[in-house]
Amino acid sequence: MGHRWSFMIGSLVALCGALGPVLLKAQPSAEPILKLELGIGGQSRLGQWTPFVCEVSEALANGLAKARVTCQDVDDQPAGYELPLYRHPQQERLYLGHFILGRTYGRLKLQLLNQQDQVLAEQTLNVRPDGATWRIVPATTKLIAFVGLAPTARSLLPSSAALRSGTEATSLLEVPDIRSFPWQARGLQTLDTLVLSANNHLDLEQLTPAHVQAIEEWVRAGGKLILWTGSQADQTAGGRDLIARLVPGQWQGGTLLQTSGKLEIQVNAKVTLINSTRPNVPAIRLVPQGAVVALQQDDLPLVVRRAHGFGSLTFVALPLDSDEFVSWPGTSNLLDQLIAGTRWTEERSMAETFSSRVTHYGYRDVAGQLKGALDQFSRVTVISFSSIALLIGLFILLVGPVDYFIVKKWFKRPEWTWATFLMWVALFSVAAVFLSRAAKPDSLQVRSLEIIDWDARDGSLRGSLWAGMYSPHASLSDIRLQVETGLVESVTHAEVRLMGQPGTGLGGTESGMGIGWQNLPYRQTESSGPGAAEQLELQQLPIPVAASRSFNGEWRGSTALPVRSRLRFNRRTGRLTGNFVNPLDVPLRDVRILYENWGYVFEGSLGPGESIDLVEARERTAKAILTLRGLRSDDPTQSEPWNVADTDIRRIAHLMMFYQAAGGQAYATLTHAYWNRIDFSDILHTGCAVLTAELPDGVARLVLDGRAVDASQQEQTVMLRIVLPVEMEAR
């Protein structure tokens, strides 16, 4: 017996010795990451894509393919993001990756993998809201990044903190080195505004085509860019690429500004910019193309704005970080106004007056109100506490006085109470089961809002989907986004992810506690799907029984359908004229056209191929339309107050689409920072009009375990926005 055990142990040792080198070769030991930078400028937002840039050794520089980041998601559940790594165009040892952080606590594990999913490098760190090199801000904080700013101009940054209004917070960050700036558009989604100084202090040689393309894609997807250049910007390849892609007109080089009266009036400056000691300041001469001149001095446009895709470009013909402007007190006011955009004349004190109305619903952003509305399923009945209390009282009454009367007074057999008690328990158990099944359906239920944006100038499309899903069964499911053809000719990107609840309420990203999901990890991966260049999907996502989960989807694509529209703006009358033809094969309901501060409302629906003329519309101010002014019979001059408990998805959608035009936080009492890219208020002031309408069906659907959600299981609200060019008539 002893010899047999000795032989088995010896054989096992020999086998381990033979397989040891093979196993070590299959799973090489992970190296440490030499340098890791998280976020942009050391900052990132909860619930948004967070970029990271890592530096690896020379030995690993050519073998990396993707990254796996494990952290807590927006529902306080462990998530693994397995997404591609992007190599720096010039620095071969630098790689860029992305993940979404949902909590300001826990551990974050970063692993760098090769094509065979072998871990080649890794690093683990503790997540804290205010780390030494990485600061995590709440989901409702707006991030404004300054890139290429001169060191002497840093004194301008604290003044921009005055942009805070009410509970809307703004965080400023600086990126001194363009090499660590994300060179993929996904990494910029955490930003609200990007201020790019292409003056002499920015090393334009380091501004690669990948950086410029990432910035342009980010703007087209809804970003807001403020740009100024130096007179030598066209001397480098990076500068020429920047000018060609992002300058809203024909860049003609440097010139001199010799008068500054209108600029001083605009910023309410008490000190003149041009004087005897400073007879002129440097400027750039630009011939605007498809843009609006927001500020002009003599024949020199100083501030030019243009809608670029679904975002906005603001070009400043003045190098604001040069010594001449840093020393002028009016520069900080100008910078604040540029960042504020369409709110140049807004009374910020109003926001402070209304900020005291912060509600106790657990959210302070419009995103929270939408999430709550999407959780209201028409076929799911929530049994109220009063109903449960009534049933408990009835049960006590039956097993007490009623049972005593029956067995004692009626049958005169007190010993039967043991049987009657069990009978009451069984009866109420059956009633509870029946009531529970009657209140909740046995099939999947989805309630969604989809906003489809269409740029009539080039046919580009962007879709945004928010969906609440009720499931009667528990499962581990794979979920992706499917974009149907018809309006959409081609899709370049589609992604779905969990929709977080910003704020400190139950389950909120800042609450410090989750909402009780099973602690089962899931994965977010990227793959190629039919009709989509890249598809981001959820894999093995836990879905609890008789509970709901919320999702956010985005897609981008294009269409070949032409838009027949001719709108003209009469500068003398200040009114919009023209017509629009419905290009779709479905009717449009609740059609509105908004331009600058005016809106045009059309009665009834617009059938396929039918045309409308603005002379037939009811003209009102955009703010009056968005705030339902005039609906109150007691005072037609008053707007309908915003109800933060309202679950009308159409009403919430209109506020999200034109938040600042409706009055911003001064009207809604809620911020709109989590999905601020949906707000088209800035585009209304860039020489473009926006048509809004409601569609009967959407184009995006959730796909659960390979099967698209059936239309009978989905209650959807679909909004269409078309960006229409406007011709400027001579005075």
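1. Side note on the overall build of the protein chain
Secondary structure summary: the protein chain contains 13 helices and 38 strands in total. Partitioning the intrachain contacts of the protein chain with sequence separation of at least 6 by distance along the chain shows that 73% fall at a separation of at least 24. Accessible surface for the protein chain amounts to roughly 32000 Å². Of this, 54% is attributable to carbon and sulfur atoms.

2. A short note on the pattern of salt bridges
Counted by the stated rule, this structure contains 30 salt bridges. For the salt bridge of K66 with D117, the shortest nitrogen-to-oxygen distance reads 2.9 Å. You can see K66 sitting in strand β5 (residues 66–72) and its partner D117 sitting in the loop between β9 (107–113) and β10 (119–126), a full 51 residues away along the chain. Using a relative accessible area of 40% as the deciding quantity, one classes D117 as partly exposed. One salt bridge connects E526 with R186, and the closest N-O pair in it is separated by 3.2 Å. Here E526, found in strand β25 (residues 522–529), pairs with R186, found in the loop between β13 (169–175) and β14 (193–198); they are 340 residues apart in sequence, far enough to count as distant. Judged by relative accessible area, which is 24%, E526 ranks as partly exposed. The class of R186 is buried, set by a relative accessible area of 9%. Because the salt bridges share partners, they merge into one network encompassing K66, R68, E82, D117 and R523.

3. Focus on the nonpolar core
Residues F52, F99, L112, W466, W555, L576 and L702 are the most contacted members of the largest nonpolar core, which totals 127 residues. Ranked by residue count, the leading element in this core is strand β38 (residues 714–729), at seven residues. Once residues lying within four places of it in the same chain are set aside, the contact partners of F99 are L38, Q48, W49, T50, F52, V69, C71, Y81, L108 and W134. In terms of nonpolar packing, the next biggest core, distinct from the first, is built from 34 residues, L191, L207, W251 and L313 among them.

4. What about the confidence of the model for the protein chain?
Here the protein chain averages 84 in pLDDT, and 87% of its residues register 70 or above. Low pLDDT (under 50) marks residues 1–27, which in the prediction has two contacts with non-local residues, meaning those over four places away or in another chain. Overall, residues 343–360 carries pLDDT values under 50, and its contacts beyond four positions in sequence, including any with other chains, amount to 26 contacts.

5. Focus on the packing of helix α8 (residues 366–374) against helix α12 (residues 649–657)
Where α8 meets α12, the closest approach of the two axes is 10 Å, and the angle between their N-to-C directions is 155°. By the angle between their directions, the pair α8 and α12 is classed as roughly antiparallel. When the axes of α8 and α12 are compared, the crossing they make is left-handed. Listed contacts from α12 to V366, Q369, L370, A373 and L374 of α8 are I649, I652, L655 and M656.

6. Observations regarding the pairing of strand β21 (residues 445–455)
Counting buried residues along β21, 11 of its 11 residues qualify, which places the element largely inside the surrounding structure. Judged by which residues are buried, β21 turns out to be covered on both faces: Q445, R447, L449, I451, D453 and D455 on one side and V446, S448, E450, I452 and W454 on the other are all buried. Pairing analysis gives 10 bridges linking β21 to strand β22 (residues 460–471), with the strands arranged antiparallel. Within the sheet, the bridge partner assigned to R447 lies in β22 and is G468. A loop of four residues connects β21 with β22, the two strands running antiparallel in sequence, and G459 in this loop sits at a positive phi of about 80°.

Thresholds, definitions, all that
Residues numbered from 1 in each chain as written. Predicted model: local features only at pLDDT ≥ 70, side-chain atom pairs only at ≥ 80, totals over all residues. Heavy atoms only, no water. Helix = DSSP H or I, 4+ residues; strand = E, 2+ residues; numbered from the N terminus. Contact = heavy atoms within 4.5 Å. Areas by Shrake-Rupley, 256 points an atom, 1.4 Å probe, with all protein chains shown as cover. Salt bridge = Lys/Arg side-chain N within 4 Å of Asp/Glu carboxyl O. Buried < 20%, exposed > 50% of the residue type's maximum accessible area, 1.4 Å probe, protein only. Core = buried A, V, L, I, M, F, W, Y, C linked by side-chain atoms within 4.5 Å. pLDDT = per-residue confidence, 0-100. Axes fitted to C-alpha atoms, helices over the stretch in contact; angles between N-to-C directions. Parallel < 35°, antiparallel > 145°, perpendicular 65-115°, else oblique. Left-handed = near helix turned anticlockwise from the far one by under 90°. Pairing = 2+ DSSP bridges.

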